[in-house]
Amino acid sequence: MAPEVAVVLEGYTYIECPRWHENRVWVSDFYTYQVISAREDGTDIRVEAEVPGQPSGLGWLPDGRLLVVSMRDQKILRRESDGELVVHADLSEYVSANVNDMLVDAQGRAYVGNFGFDLMNLAPVETADLLRVDPDGSVHVVARDLHFPNGMALTSTGDLLVDETLGNRISAFAVQADGSLSERRDWASFGPVPGGPEMETTLAQIVVAPDGCCIDGDDSMWVADALGSRVLHVSAGKIIDEIAFGSGVFACGLGGSDGRTLFVCAAPDFNEHARKVANEGKLLSIRLEPLG
């Protein structure tokens, strides 16, 4: 039986990066330039931050201050206790395109991906570096030549999983004590890494385009397939289940009062030129079975 899908938020442009924090679901809405939070059922909506440079990845420092990616000016912003947004880190000398998703670990280290090229205007495809921003705002390159590093998750065994949206794979890195990463290895491979610089050529070779994701309590992963209108459940590198949707889905996150609500970000497509002039972005939810 297909799971029942509920609408939590609707009427937005392009919702991304769902996070569960302080008993609320937080998301970024790209083209209203807002970070929004709400209760699990979508009530009590609050605008948490206004980010003119376009918000994306979200996370929190150990002291509770919000970090948010500002995509277009290639910065990470920090929300102070009085609500003011200040620059936490400037990534502009390390990237050549939009900064994107982010994972903040328990030590306050932020791992940040980026497009690597001008995706929305179909520039030639290029690989990108993965960055680590330490709590003091210093920036470090921790992995190179990734194929659109996107959503990330940490396993209970200390591996950082990185979705490579244009690489047909999810990569794993062992996180060292200082936050540096080991050599890359495949955690899941859905097909060969696409070849050729043209976007159309790359897209034609994609089997799964892993986008936003989250880790479950058994170290399996829920991952949105950006080209497949589905969320996949992946365990030990294999697809064990999928949930199909009637539109594009681009990110997912676990939360809710018992941690078994899967929040899913949906929109007709990821084309910014179309999303900027429409209000078709939604946050959906699905109740998952309790872990055995």
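Structure's up top.
Residues numbered from 1 in each chain as written. Predicted model: local features only at pLDDT ≥ 70, side-chain atom pairs only at ≥ 80, totals over all residues. Heavy atoms only, no water.

(A) Examining the overall build of the protein more closely. A count of helical and extended segments in the protein gives two helices and 24 strands. Projecting the C-alpha coordinates of the protein onto the three principal axes gives extents of approximately 45 × 45 × 40 Å. The burial tally for the protein puts 57% of its 292 residues in the buried class. A separation of at least 24 residues holds for 44% of the contacts in the protein among residues at least 6 apart in sequence. Summed over its atoms, the accessible surface of the protein is roughly 12100 Å², and 47% of this surface lies on carbon and sulfur atoms. Put simply, the protein has 22 plus and 45 minus side-chain charges, and the middle of one group is 2 Å from the middle of the other. (Helix = DSSP H or I, 4+ residues; strand = E, 2+ residues; numbered from the N terminus. Buried < 20%, exposed > 50% of the residue type's maximum accessible area, 1.4 Å probe, protein only. Contact = heavy atoms within 4.5 Å. Areas by Shrake-Rupley, 256 points an atom, 1.4 Å probe, with all protein chains shown as cover. Lys, Arg positive; Asp, Glu negative; His and termini not counted. Charge placed at Lys NZ, Arg CZ, Asp CG, Glu CD.)

(B) Focus on the environment of Asn271. Position of Asn271 relative to the elements: it lies in the loop between β23 (261-267) and α2 (272-275). When its relative accessible area of 35% is taken as the criterion, Asn271 is described as partly exposed. A C-alpha to C-alpha distance of 9.6 Å links Asn271 and Tyr14, two positions 257 residues apart in sequence. Here His273 takes part through its backbone nitrogen, which lies 2.8 Å from a polar atom of the side chain of Asn271. (Polar contact = N/O pair within 3.5 Å; in protein donor to acceptor, adjacent residues only side chain to side chain.)

(C) Molecular detail of the pairing of strand β6 (residues 55-60). Among the six residues in β6, six count as buried, and that is most of the element. With four bridges joining them, β6 and strand β7 (residues 66-70) adopt antiparallel strand pairing. Looking at the pairing, Pro55 lines up with Ser70 of β7. In sequence, β6 turns back onto β7 through a hairpin of five residues, with Gly64 there showing a positive phi of about 95°. (Pairing = 2+ DSSP bridges.)

(D) Structural detail: the pattern of salt bridges. On inspection of all chains with the given rule, the structure shows 21 salt bridges. Here Glu272 ties to Arg72 by a salt bridge, and the two come within 2.4 Å at their closest N and O atoms. With a gap of 200 residues between them, Glu272 in helix α2 and Arg72 in the loop between β7 and β8 (75-79) connect regions that are remote in the sequence. Via salt bridges that share partners, Arg24, Arg39, Asp44 and Arg46 belong to a single interconnected network. (Salt bridge = Lys/Arg side-chain N within 4 Å of Asp/Glu carboxyl O.)

(E) Geometry of the sheet that holds strand β15 (residues 159-164). One open sheet holds the four strands; their spatial order is β14-β15-β16-β17, and the pairing between them is antiparallel. Either end of the sheet is taken by a strand with one partner, and the two such strands are β14 (149-154) and β17 (185-189). Each strand of the sheet is rotated relative to its neighbour by a mean of 30°, with strand direction disregarded. As paired strands, β15 and strand β16 (residues 169-174) are joined by six bridges and run antiparallel to one another. Within the sheet, the bridge partner assigned to Glu164 lies in β16 and is Arg169. (Axes fitted to C-alpha atoms, helices over the stretch in contact; angles between N-to-C directions.)

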